[in-house]
Amino acid sequence: MELNILYYKKLGKELYLHKIKDGFNYITEWSYKRMTETDNNFYSKGNYINYPALINIQSPINLVYEFKRQNGIGGYFTNRYSYSEAKLHLQGKGFLGIKEISNDDLTLGFKTQAIKSHSWSYQVIPYQTNTYKTSNSYLINTSTLNNEFINLGINKCWFRVNSITENKFFEGQNFSTSFIYDSYGNQTKITKNINNIETQVTEVTYGQYGTPIPAKPTLITQTSTRSGESSYSQQTKIEYNTLGQVYKKN
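What this report covers is the structure whose coordinates are included nearby. (Residues numbered from 1 in each chain as written. Predicted model: local features only at pLDDT ≥ 70, side-chain atom pairs only at ≥ 80, totals over all residues. Heavy atoms only, no water.)

### A short note on the overall build of the chain
Moving on, step 1. The helix and strand tally for the chain stands at zero helices and 18 strands.
Moving on, step 2. Here the C-alpha radius of gyration of the chain, 24 Å, is well above what a compact globule of 250 residues would show, namely 18 Å.
Moving on, step 3. For the chain, the proportion of its 250 residues judged to be buried stands at 27%.
Moving on, step 4. The contacts of the chain with a sequence gap of at least 6 include a subset with a gap of at least 24, amounting to 32%.
Moving on, step 5. If you sum the accessible surface of the chain, you get close to 16500 Å²; carbon and sulfur atoms cover 51% of it.
Moving on, step 6. For the chain, the distance from the average site of its 27 positive side-chain charges to the average site of its 19 negative ones is 3 Å. (Helix = DSSP H or I, 4+ residues; strand = E, 2+ residues; numbered from the N terminus. Rg over C-alpha atoms; globule rule 2.2 N^0.38 Å. Buried < 20%, exposed > 50% of the residue type's maximum accessible area, 1.4 Å probe, protein only. Contact = heavy atoms within 4.5 Å. Areas by Shrake-Rupley, 256 points an atom, 1.4 Å probe, with all protein chains shown as cover. Lys, Arg positive; Asp, Glu negative; His and termini not counted. Charge placed at Lys NZ, Arg CZ, Asp CG, Glu CD.)

Take a look at the structure:
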């Protein structure tokens, strides 16, 4: 038996946003490609398989290929995108997202690579961002997140970032930032280390004002310490009414 399928504008893109012109006649444009188009520089499937739970796919899904906006002098700022490893969960969660998205700024000559990871619960989450000089692939900057999923039971989890490390290779600078949380998910202590020369610590106390849990910062203490120098601290006190609106800050 031969099955005939009729399509209405098969693989059409007429329902996608293509162009916007604002009140100042400023034009922004988008163009799209499908994952299945034969262009390895646009989408790479990769070969990750964790069957029967998780696989990579290459389906006829349209993704943004080019983003253009006018530069005010007769030309355009242009960004081109490429992708790799779209994740599909085969046991109920469906399409999870794309592991790697690259943004090539053709005007400035820089390429930004956003990499995600997937956890034990098969959630795709931000992991690392790298910035390169396009002409020679020189790594300018990299930022890496140390993520954690807290299992809360009954199919619930809490995603949090424990620390961020940033290396600015061109400038010769290194930053690391760590976070401490309370049981409600509030950041109570943020510690930033700058080139092992300066440490900045922010400590926050929370109160319950118009919220079911403590969620309003009432006292913020910021302390800076440079090598060989005395520490400097300053405090900010915030007061609220019963609706949670700020009425006093000093």
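Don't stop here, the text continues.
### Brief notes about the nonpolar core
Moving on, step 1. In terms of nonpolar packing, the biggest core is built from nine residues, these being Met35, Phe42, Tyr43, Ile55, Ile57, Leu63, Tyr83, Ala86 and Ile98.
Moving on, step 2. Of all the secondary-structure elements, those providing two or more residues to this core are strand S5 (54–57) and strand S7 (76–89).
Moving on, step 3. In this view, tyrosine 83 contacts Phe42, Tyr43, Ser44, Leu63, Val64, Ile98, Glu100 and Ile101; residues no more than four positions away in its chain are not counted. (Core = buried A, V, L, I, M, F, W, Y, C linked by side-chain atoms within 4.5 Å.)

### Description of a nonpolar patch on the surface
Moving on, step 1. Residues Ile49, Tyr51 and Leu90 make up a contiguous nonpolar surface patch of about 370 Å² in total accessible area.
Moving on, step 2. Within the fold, leucine 90 resides in the loop between S7 and strand S8 (94–105).
Moving on, step 3. Classification of leucine 90 by relative accessible area gives partly exposed; the value is 38%. (Patch = residues over 30% accessible without salt bridge, like charges linked within 9 Å, V, L, I, M, F, W, Y side chains within 5 Å. Salt bridge = Lys/Arg side-chain N within 4 Å of Asp/Glu carboxyl O.)

### Thoughts on the packing of aromatic side chains
Moving on, step 1. Inspection of every chain in the model, using the stated rule, returns seven aromatic pairs.
Moving on, step 2. Taking the centre distance of 5.9 Å and the plane angle of 70 degrees together, the rings of phenylalanine 42 and tyrosine 65 count as edge-to-face. You can see phenylalanine 42 sitting in the loop between strand S2 (27–34) and strand S3 (43–44) and its partner tyrosine 65 sitting in strand S6 (residues 62–70), a full 23 residues away along the chain.
Moving on, step 3. On the basis of relative accessible area, phenylalanine 42 is assigned to the buried category, the value being 1%.
Moving on, step 4. An angle of 85 degrees between the planes, with centres 5.8 Å apart, marks the rings of tryptophan 158 and tyrosine 181 as edge-to-face. Of this pair, tryptophan 158 sits in strand S12 (residues 156–168) while tyrosine 181 sits in strand S13 (residues 173–181), and the two are 23 residues apart along the sequence.
Moving on, step 5. Overall, the relative accessible area of 21% leaves tryptophan 158 in the partly exposed class.
Moving on, step 6. Given the relative accessible area of 16%, tyrosine 181 is considered buried.
Moving on, step 7. Through successive ring pairs, a cluster of aromatic residues spans Phe42, Tyr65 and Tyr83.
Moving on, step 8. The ring of tyrosine 65 has lysine 33 sitting right over it, with the charged end atom 4.2 Å from the ring centre.
Moving on, step 9. Over the ring of tyrosine 76 we find lysine 68; its NZ or CZ atom is 4.5 Å from the centre of that ring. (Phe/Tyr/Trp six-rings, centres within 6.5 Å; stacked < 30°, edge-to-face > 60°. Lys NZ or Arg CZ within 6 Å of the ring centre and 35° of its normal.)

### Focus: the side chain of lysine 87
Moving on, step 1. Mapped onto the fold, lysine 87 is located in strand S7.
Moving on, step 2. Within the local environment of lysine 87, its side chain forms a polar contact with the side chain of glutamate 85, the two groups lying 2.9 Å apart.
Moving on, step 3. Apart from residues lying up to four places away in sequence, lysine 87 is in contact with Tyr48, Leu54, Ile55, Asn56, Gly94, Phe95, Leu96, Gly97, Lys99, His118 and Val124. (Polar contact = N/O pair within 3.5 Å; in protein donor to acceptor, adjacent residues only side chain to side chain.)

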